[in-house]
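The primary structure of each chain is shown beneath.
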Amino acid sequence: MSFMNKTLFKAVVVLLCTAFCFTFFPGQARGAEPDVSAQSAVLMDQSTGRLLFNRNGEEKLPIASITKVMTAVLAIESGKMNQLVTVSSEAVKTEGSSLYLKSGEKISLRDLVYGLMLRSGNDASLAIAEAVGGSKQGFVLMMNEKAAELGMTDTHFMNPNGLEHPDHYSTAHDMAILTKYAMTDSAFRKITGTEIYRARATNKEEARSWLNKNKLLRQYKYTTGGKTGFTRAAGRTLISTASKKGMDLIVVTLNDGNDWRDHKNLYEWGFSEFTRTKLMDKGPVHAKVDPFYKGKLFVKSTIVLPLSVEEKRRIKKELILLRPPKRAKEWKPAQPAGRLLFKLNGRVVTSVPVYYKNQKKAKKKFWTLFGGFIEAAFTGRERPRR
């Protein structure tokens, strides 16, 4: 066999071995990210907030009716869900998708929130705003205050429904942050995951049945909730949530003409490429540290992060501690001693506070114990236990 033929033969063998490894050991290499049609898209791990996929996730764009997630959150948090709301004539006149409410109709705030989330009723959004915020303007102020509280730094609301306005915008990342927060509330989870809801009869209308516009609840079995949206300026917008094998994910797409497909593909990729990985149990932190800290550092919770097989091998820990005080008694127990960082390629993916605990217990002196016995003998009280 000539030199050239031997070289060619070796190259073919290498290629075949590589193909064999990818075929039979697919978990050993991270698969290609899915192609999506969206102008902006993110895939977020719900428990940690880690972005597993990000395409233009920080781009400020119109968001249409996914705005109503914030409206629903504020309604639920108002504590007024069982109260009756009288629908105003202004609410009835709201343009766009509608529940066809009637002026003067008395309907519970709970039913309005279901209609808002399942059927995207713009009339319901204004009725909610007036009931919870006192007025549309008051409610919008509440929306922006809540956005700031949650760290939605690239978001500004002008109405409770997402109707077109140049100063009404958000990002896919910010809306995922909002959804992560919303999904911690059991009432919100129940509402957003409901396929069909029957609203009670009112003084103006018979009982109504509403089918959720989120088709993923019927098309993709792991779906747990979400919210649809559309305007000419925003295009199709969609938030969805899904859970599989203990991992909860969020997808947000903005201006996406093929959003149902894109959400399913992002979920399938996310569930196949990442697994919830325990990085550390709660308890003591073992590291080379100043003698002051030695054996007295701990974390209060177990650290779990979604990681691919490749990332598991590359994740690094870094402990950053405050300068210790001269005397242990100067330490404030509630004060963190520093942070434990977990890094991938030099970038922090998660971090947790580290605490200091002085494990030495004060010994009870003889006269303290003797005094306890004397007190018990004369008062009849049980002596103190050690």
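Everything numeric here is computed off the predicted structure, so don't read it as measured data.

Student: Requested: an account of the overall build of the protein, with residues and values cited.
Tutor: The secondary structure content of the protein amounts to 12 helices and 16 strands. Sequence-distant contacts in the protein: of pairs separated by 6 or more residues, those separated by 24 or more amount to 61%. When the accessible area of the protein is evaluated, it comes to approximately 21400 Å², of which 54% is carbon and sulfur surface.

Student: Describe the packing of aromatic side chains, naming the residues involved and giving the relevant values.
Tutor: For any pair of aromatic rings, geometry is given as the distance between the ring centres together with the angle between the planes. For the structure on display, the rule yields 12 aromatic pairs. Considering the side-chain rings of F53 and W269, the 6.3 Å spacing of their centres and the 75° angle between planes classify their relative orientation as edge-to-face. On the criterion of sequence distance, the pair formed by F53 in strand 2 (residues 51-55) and W269 in helix 10 (residues 259-273) is long-range, its members being 216 residues apart. A network of ring pairs unites the aromatic residues Y220, Y222, Y267 and F271 as a single cluster. Against the face of Y355 rests K300, its NZ or CZ located 4.0 Å from the ring centre.

Student: Tell me about the environment of G162, and please be specific about residues and values.
Tutor: Its location among the elements puts G162 in the loop between helix 6 (136-150) and helix 7 (172-182). When its relative accessible area of 6% is taken as the criterion, G162 is described as buried. Considered as a pair, G162 and K68 are 94 residues apart in the sequence and their alpha carbons are 7.3 Å apart. Beyond its immediate stretch of four places on either side in the chain, G162 contacts A64, T67, H168 and T231.

Student: If you had to explain the sheet that holds strand 7 (residues 223-231) to someone new, which residues and values would you point to?
Tutor: The strand order 2-1-9-8-7 describes an open sheet built from 5 strands, whose pairing is antiparallel. The sheet terminates laterally at strand 2 and strand 7, the two strands that pair on one side only. Between one strand axis and the next, the sheet turns by 5° as a mean value, whatever way the strands run. Its contacts with the sheet place helix 10 against strand 1 (40-45), strand 2, strand 7, strand 8 (235-244) and strand 9 (247-254), and it is angled at close to 30° to strand 8.

Student: Explain the pattern of salt bridges to me, and be specific about the residues and the numbers.
Tutor: Across all of its chains, the model carries 13 salt bridges by this definition. Here R55 ties to D35 by a salt bridge, and the two come within 3.8 Å at their closest N and O atoms. Taken together, the residues span a long stretch of sequence, with R55 in strand 2 and D35 in the loop between helix 1 (3-24) and strand 1 at a distance of 20 residues. Looking at R55, the relative accessible area reads 28%, which means it is partly exposed. For the salt bridge of D111 with R200, the shortest nitrogen-to-oxygen distance reads 4.0 Å. One end of the pair, D111, is in helix 4 (residues 109-119); the other, R200, is in the loop between strand 5 (196-199) and strand 6 (208-211), and 89 residues separate them in sequence. The exposed category is assigned to R200, whose relative accessible area is 54%. Residues joined by salt bridges that share partners form a network here, namely E77, K146 and E149.

Student: Account for the environment of D290, naming residues and giving values.
Tutor: One can find D290 in the loop between strand 11 (283-284) and strand 12 (297-299). Accessibility expressed as a relative area gives 37% for D290, which makes it partly exposed. Linking D290 and P324, residues 34 residues apart in sequence, is a C-alpha distance of 8.0 Å. For D290, the side chain forms a polar contact with the main-chain nitrogen of F292, separated by 2.8 Å.

Student: Can you explain the side chain of H168? Please cite residues and give values.
Tutor: As for its position among the elements, H168 is in the loop between helix 6 and helix 7. A polar contact of 2.8 Å, which involves the side chain of H168, links it to the backbone nitrogen of M158. Side-chain polar atoms of H168 contact the backbone nitrogen of N159, separated by 3.5 Å. Sequence-distant contacts of H168, that is, excluding residues within four places in its chain, are made with P62, I63, T67, H156, F157, M158, N159 and G162.

Student: Could you give me a rundown of helix 10, with the residues and numbers involved?
Tutor: Given a rise of 1.5 Å per residue, 15 residues ought to cover 21 Å, and the 21 Å separating the end C-alpha atoms of helix 10 matches this to within 8%. For helix 10, the full list of buried residues reads D259, W260, D262, H263, L266, Y267, W269, G270, F271 and E273.

Student: Requested: an account of the sheet that holds strand 14 (residues 316-321), with residues and values cited.
Tutor: Judged by pairing direction, the sheet is antiparallel, and its 5 strands sit side by side in the order 11-12-16-15-14 without closing on themselves. Of all the strands in the sheet, just strand 11 and strand 14 have a single pairing partner and so form its edges. As paired strands, strand 12 and strand 16 (residues 347-356) are joined by 2 bridges and run antiparallel to one another. The residue bridging F298 from the neighbouring strand is Y355, located in strand 16.

Student: Describe the pairing of strand 15 (residues 336-344), and please don't skip the residues or the numbers.
Tutor: As paired strands, strand 14 and strand 15 are joined by 6 bridges and run antiparallel to one another. Within strand 15, the residue paired with K317 across the bridge is F342. For strand 15 and strand 16, the ladder comprises 8 bridges, and the chain directions are antiparallel. In the strand pairing of strand 16, R339 is matched with P353.

Conventions we followed
- Residues numbered from 1 in each chain as written.
- Predicted model: local features only at pLDDT ≥ 70, side-chain atom pairs only at ≥ 80, totals over all residues.
- Heavy atoms only, no water.
- Helix = DSSP H or I, 4+ residues; strand = E, 2+ residues; numbered from the N terminus.
- Contact = heavy atoms within 4.5 Å.
- Areas by Shrake-Rupley, 256 points an atom, 1.4 Å probe, with all protein chains shown as cover.
- Phe/Tyr/Trp six-rings, centres within 6.5 Å; stacked < 30°, edge-to-face > 60°.
- Lys NZ or Arg CZ within 6 Å of the ring centre and 35° of its normal.
- Buried < 20%, exposed > 50% of the residue type's maximum accessible area, 1.4 Å probe, protein only.
- Pairing = 2+ DSSP bridges.
- Axes fitted to C-alpha atoms, helices over the stretch in contact; angles between N-to-C directions.
- Salt bridge = Lys/Arg side-chain N within 4 Å of Asp/Glu carboxyl O.
- Polar contact = N/O pair within 3.5 Å; in protein donor to acceptor, adjacent residues only side chain to side chain.
- Expected span 1.5 Å × (residues − 1).

Purely geometric stuff here, so don't read any function into it on its own.
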